[in-house]
Amino acid sequence: MFFPKAMTEIELIVPSKDLLAVTKILSRHGVFHQTDSNYAGVDSGSASAWQDNAAAYAALERRVQAVMQALDVEEGPPPSAEFESMVELDAVRPVVDRLEEEVKKTSDELVGEKKRLEQLESTLHQLEPVAEVEINISALRKSNYLYSVLGLIPAANVDRLKTSLARVPYVFLVLRPDSQKPVVWLAGPRGNSDVLDRATRSAYLNPLVLPEEYDGTPAEVIKSLRDEMEKTRQRISELQTVLAQFGESRKEQLRNLLWEVHASRLLAEAIVRFGQLRHTYVIVGWVPADDLETLTQRLKYVSKEILIEALPISRTGHNQHVPVALLNNKYLKPFQMLVNTYARPRYGELDPTIIVAFTFPILYGAMFGDIGQGLVLALFGWLLASKKIKKLSGMAGLGGVIMAVGIMAALFGILYGSFFAFEGELAEKYLGFAIHPLWLSPIHEILPVLSLSIDVGIVLLLAGFVLSIFNQARARDLPHLIFGHTGLVSLIFYIWFLGIMGIILGKTQIAPRIAVAVASLPDSVIFFFAGVFAILVMFSGFFRNLMGGHRPLIEGNIGTYIFGSFMELFEVAISMISNTLSYVRVGAFAVAHGGLSLAFFKIAGEEPNLGFWITILAANAFFVIIEALIVGIQTMRLHYYEFLGKFFTGGGMRFEPLTITPAKEEG
């Protein structure tokens, strides 16, 4: 839970005759992460026949999927039975050809009918505005001497059109007046068609364009169009019924065929990455240490001559090339998603998911403390996580996080004494029961809340330093453990830095208690040790190079190095101030939440009429939708920029086991 699974690197030497059986075992159980074989004397991916087979299987898979899409058949879950062998290409191709041929004629006709319906609807849409115009459209179209156009024009452009035609003879009639787009008819000599055409386009006159087969008045054409549309819809329905019946009868065959081809493709693609010798194949990859013995037994069962070499990998050191398989349970997976958004843990590095699972809801709840609004958030999170809201099923992973922060917000609402923004006397006046804070009211104790939020930030930052030192100790990186940016020297400097902060803020209500406690030491002691460790931080790069054996110890001349080191110390001090004071936002949002509640009550008035309750309902909607999102962003910021950055490096490789069925959600 605190660290990724222990991994073992394995190398397999497999006889050619057992190649397929071994590959099936490796892909069946989802515990083997494949890597390319790149040893000297081994041809990686040299089996061109397997490459051709993989491409052929991929093409067949796409064809089967296209047939299923045409028949509206879902892929469904993979079959429960294991695939015994790879399907033969020569046996599958004729089956796919036959299925395509059976579907193609009906499917193509259906596509054509749908396109025809779209064209008819488009034509009808053009004619409907001029349905009442008594004019024979075909007569306008067939004239040899007259250029005419019937259509819609923006009313504001009528004068522009007439001005453009001032030098040529024309007839312009408004057939149907309209304040926005009147129906007009423009006619003129065919010899002036170029001028007339440019003028109509300049005035944005939208002409009515009909296919040649339609004659008569617009009303007559509209009737014909509707009759044609009804016949087309009936034909579409008939074709869809035919395809649906065919799909139902072939559903199981198509699904089995798809998964067989899919499995064969993945097996072929895996074999392409194997190293090939004369009569054997070399397979290299990673297996979780707990699964190694079981996998070894299964491999030896299907191949008596297989050679297996296992190399356990220590979880100390950096080992960035080792894939990372996380151990979090279903309750921690939503928070694992938050951590992975920042970075995936490296192998051997502390996985901060369980820590974030505590700190994230607590900080969120402290900023958004309200019983009713928190419970609404928790309910919404539960609906997301359980996929009750189909349109938002893609956000199911966030449901657990929202549910947790909602519950924590409700708990802080009890501590703050807030229920749907009603507090104290307001609750007793309008709801009939009193709500009093069990701890404190942010809006009435502003400075203590802000001071406490800084203390919380200091605790988290100190924890970040300690966790960073722990990670560096596991990685056996002594230079960074002592003199790193979040190493032991920086931690001690931060503690004395807090003492200086306590001296400066000690007489104010906003002073954090931890800083005041450090400041209780004699000022001379605080400033002495702060100065000593400031010098160590200032020249930390020199000491890291010295301990790590890196040369040169300094870059550039002495003057440049001293100036750069001083600027680095200045940057560290500014960073410590900003990181510490950044947690003020926790208390500030708690105060703002209460202040906004009071503001909405001022707007609602004192009389509990309909307008009052509508305003309060709108206020709670604002809190649950807008402020909840803003608080979520701020909570993520505090974790990503202030907390995780202190000890969490990330950059690990995802564990992607070879499997012929869709990969399960990572555990």
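Residues numbered from 1 in each chain as written. Predicted model: local features only at pLDDT ≥ 70, side-chain atom pairs only at ≥ 80, totals over all residues. Heavy atoms only, no water.

### Describing the overall build of the protein
Spelled out, the test is: Only runs of H or I of at least four residues qualify as helices and only runs of E of at least two qualify as strands under DSSP, and these elements are numbered from the N terminus. The size measure is the radius of gyration over C-alpha atoms, and the globule rule it meets is 2.2 Å times the number of residues to the 0.38 power. Only protein chains enter the accessibility calculation, which uses a 1.4 Å probe; a residue is then buried when its area is under 20% of its type maximum, exposed when over 50%, and partly exposed in between. By definition, residues are in contact when any of their heavy atoms lie within 4.5 Å. Only the protein chains shown count as cover for residues, with accessible areas throughout obtained via the Shrake-Rupley method and a probe of 1.4 Å.
A tally of helices and strands in the protein yields 22 helices and 14 strands. For the protein, whose C-alpha radius of gyration is 37 Å, the value lies well above the compact-globule estimate of 26 Å for 667 residues. Reported as C-alpha extents along the three principal axes, the dimensions of the protein are approximately 105 × 85 × 65 Å. Across the 667 residues in the protein, those meeting the buried criterion constitute 46%. A separation of at least 24 residues holds for 80% of the contacts in the protein among residues at least 6 apart in sequence. When the accessible surface of the protein is totalled, it reaches about 34500 Å², and 60% of it is carbon and sulfur.

### Topic: the nonpolar core
Note the following rule: In this description, a nonpolar core means a group of buried Ala, Val, Leu, Ile, Met, Phe, Trp, Tyr and Cys residues linked to one another through side-chain atoms lying within 4.5 Å.
Counting 82 residues, the largest nonpolar core has Phe368, Phe493 and Tyr583 as the members making the most contacts within it. For Phe493, the contacting residues outside a window of four places in its chain are Ala530, Phe533, Ala534, Val537, Leu569, Val572 and Met576.

### Brief notes about the confidence of the model for the protein
We count it as follows: For every residue, the predictor assigns a confidence score, pLDDT, that lies between 0 and 100.
Overall, the prediction assigns the protein a mean pLDDT of 88, with 94% of residues at 70 or greater. Per-element mean pLDDT across the protein ranges from 54 in strand β3 (residues 43-44) up to 96 in helix α10 (residues 353-367).

### Considering the pairing of strand β10 (residues 307-312)
Under the convention used in this document: At least two DSSP bridges between two strands are needed for those strands to be called paired.
Of all six residues making up β10, only zero are buried, and the element is barely covered by its neighbours. Two elements, strand β1 (residues 7-15) and β10, share six bridges in a ladder whose sense is antiparallel. By the bridge assignment for β10, Glu11 is matched with Glu309.

### Re the pairing of β1
Pairing of β1 with strand β9 (residues 280-288), which is carried by nine bridges, proceeds in the antiparallel orientation. Each residue of the ladder has a partner; that of Glu11, found in β9, is Val284.

### With respect to the side chain of Lys646
Selection rule: Residues counted as positive are Lys and Arg, residues counted as negative are Asp and Glu, and His and the chain ends are not counted. One side-chain nitrogen of Lys or Arg within 4 Å of one carboxyl oxygen of Asp or Glu is enough to make a salt bridge.
The residue Lys646 is located in helix α22 (residues 610-647) in this model. Of the side chains bearing the opposite charge, Glu642 lies closest to the buried Lys646, which forms no salt bridge; the N-O distance is 7.1 Å. With near-sequence residues (within four places) excluded, Lys646 lies in contact with Leu461, Gly464, Phe465, Ser468, Thr486 and Asn579.

### Details of the environment of Lys429
In this structure, Lys429 sits in helix α13 (residues 424-430). The class of Lys429 is exposed, set by a relative accessible area of 52%. Between the alpha carbons of Lys429 and Pro608 there is a distance of 9.7 Å; along the sequence they are 179 residues apart.

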